[in-house]
Amino acid sequence: MYKMSLMPLFTAEAIQEMVQLLGEKIARNYKFDTIVGVLTGSFVFVSDLCRHFPNKDIKVSFIRASSYGDSTESSGQLKVSLLDELDLKGKKVLLIDDILDTGRTLQKLVDLLKEKGADEVRSCVLLEKRARREVDYKADFVGFSIEDGFVVGYGLDCAGEYRTMPDIWTLESEN
Ligand code: 5GP
Ligand code: MG
C-alpha cells in the first residue's frame, strides 16, 4: 500500500505558474495547428495549457497510451488506442503528456504520429524524471524536473485514483 507525502510536491499555484511559463514559451517558439493529448493522465494539463493558445484554428485531439496497469511500475508493454481517429496529414503537432519517465511512451508516440502523416511533432510534458531515461528521447518543452519517485494528482493516477486532486503529491510505500 502507498501513502501520500505530508506536503504536496507542487501546489496548485506553483503548477499554474509553470503552465503559464510553458504556454508562453511554446507560443513564442512553435507555430503548431494541432494538439494531441495523451490520455488519461494529461487531461488536466492539456485543458489548462491549451487556454494559453487563444487561436481559433488550433484543433485538439487525444490518443490513449497505457503501460502501467494498476501498479507504480511500468509493465514495459505500451498499449496505444484512438490513433485511427486522427487526421494528421501535413499537420504541425504539439504532443502533450503528463510526465516523461523512461521516454518509451513519447518516443513511440512521436513515431506513430509521423507515420500518420504529421509534418512535425514537438512534445511538451509537465514533469520529467531525468535519471530514469532508458531511451534517447528529449521532450521539446519541459515543466518541472523531479527525482525518481511516483507522483499523483493534477490528472496523474495510481490505479485510477488521485486524478482530481489539484496539487501534485509523491506516493510513498507504507512498508
Ligand atoms: P515512460 O514511457 O516515459 O516510461 O512513461 C510515461 C508514462 O508513464 C506517463 O505518460 C505516465 O502515464 C506514466 N508515469 C510515469 N511516471 C509516473 C509517475 O510518477 N506517476 C504517474 N501517475 N504516472 C507515471
Ligand atoms: Mg501516460
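In what follows, the accompanying structure is described. (Residues numbered from 1 in each chain as written. Chains lettered and ligands numbered in written order. Predicted model: local features only at pLDDT ≥ 70, side-chain atom pairs only at ≥ 80, totals over all residues. Heavy atoms only, no water.)

Focus on the pattern of salt bridges
- For the structure on display, the rule yields 13 salt bridges.
- The salt bridge partner of Arg51 is Asp48, with a shortest N-O separation of 3.1 Å.
- On the basis of relative accessibility, which here comes to 16%, the residue Asp48 falls in the buried class.
- Arg130 is paired through a salt bridge with Glu128; the nearest N and O atoms lie 2.7 Å apart.
- Residue classification places Glu128 among the buried residues on the basis of a relative accessible area of 6%. (Salt bridge = Lys/Arg side-chain N within 4 Å of Asp/Glu carboxyl O. Buried < 20%, exposed > 50% of the residue type's maximum accessible area, 1.4 Å probe, protein only.)

Here we look at the side chain of Asp101
- Within the element layout of this structure, Asp101 appears in the loop between β5 (92-100) and α3 (104-115).
- Polar side-chain contacts of Asp101 include one of 2.6 Å to the side chain of Arg132.
- Apart from residues no more than four positions distant in its own chain, Asp101 is found in contact with Tyr68, Lys129, Arg132 and Arg133. (Helix = DSSP H or I, 4+ residues; strand = E, 2+ residues; numbered from the N terminus. Polar contact = N/O pair within 3.5 Å; in protein donor to acceptor, adjacent residues only side chain to side chain. Contact = heavy atoms within 4.5 Å.)

Digging into the site of ligand 1
- In the vicinity of ligand 1 there are 16 residues, among which Thr102, Gly103, Thr105, Val151 and Asp157 approach most closely.
- Within the side chain of Thr102, a nitrogen or oxygen atom sits 2.5 Å from an oxygen atom of ligand 1.
- In this structure, an oxygen atom belonging to ligand 1 sits 2.9 Å away from a side-chain N or O atom of Lys129.
- Here ligand 1 loses 91% of its free accessible area of 510 Å² to cover by the protein chains.
- Where the shell around ligand 1 is concerned, the elements lending two or more residues are β5, α3 and β8 (150-152). (Near = heavy atom within 4 Å. Areas by Shrake-Rupley, 256 points an atom, 1.4 Å probe, with all protein chains shown as cover.)

Some words on α3
- For α3, which comprises 12 residues, the first-to-last C-alpha distance of 17 Å matches the rise-based estimate of 16 Å (1.5 Å per residue) to within 8%.
- Where α3 is concerned, the buried positions are Leu106, Leu109, Val110, Leu112 and Leu113. Here the buried residues of α3 occupy an arc of 165° about the axis, which is enough to place them on one side.
- Contacts made by the buried residues of α3 are with β2 (34-39), β3 (59-66), β4 (79-81), β5 and β6 (120-129).
- Phi turns positive one or two residues past the end of α3, at Gly117, with a value near 100°. (Expected span 1.5 Å × (residues − 1). Arc of directions from axis to C-beta.)

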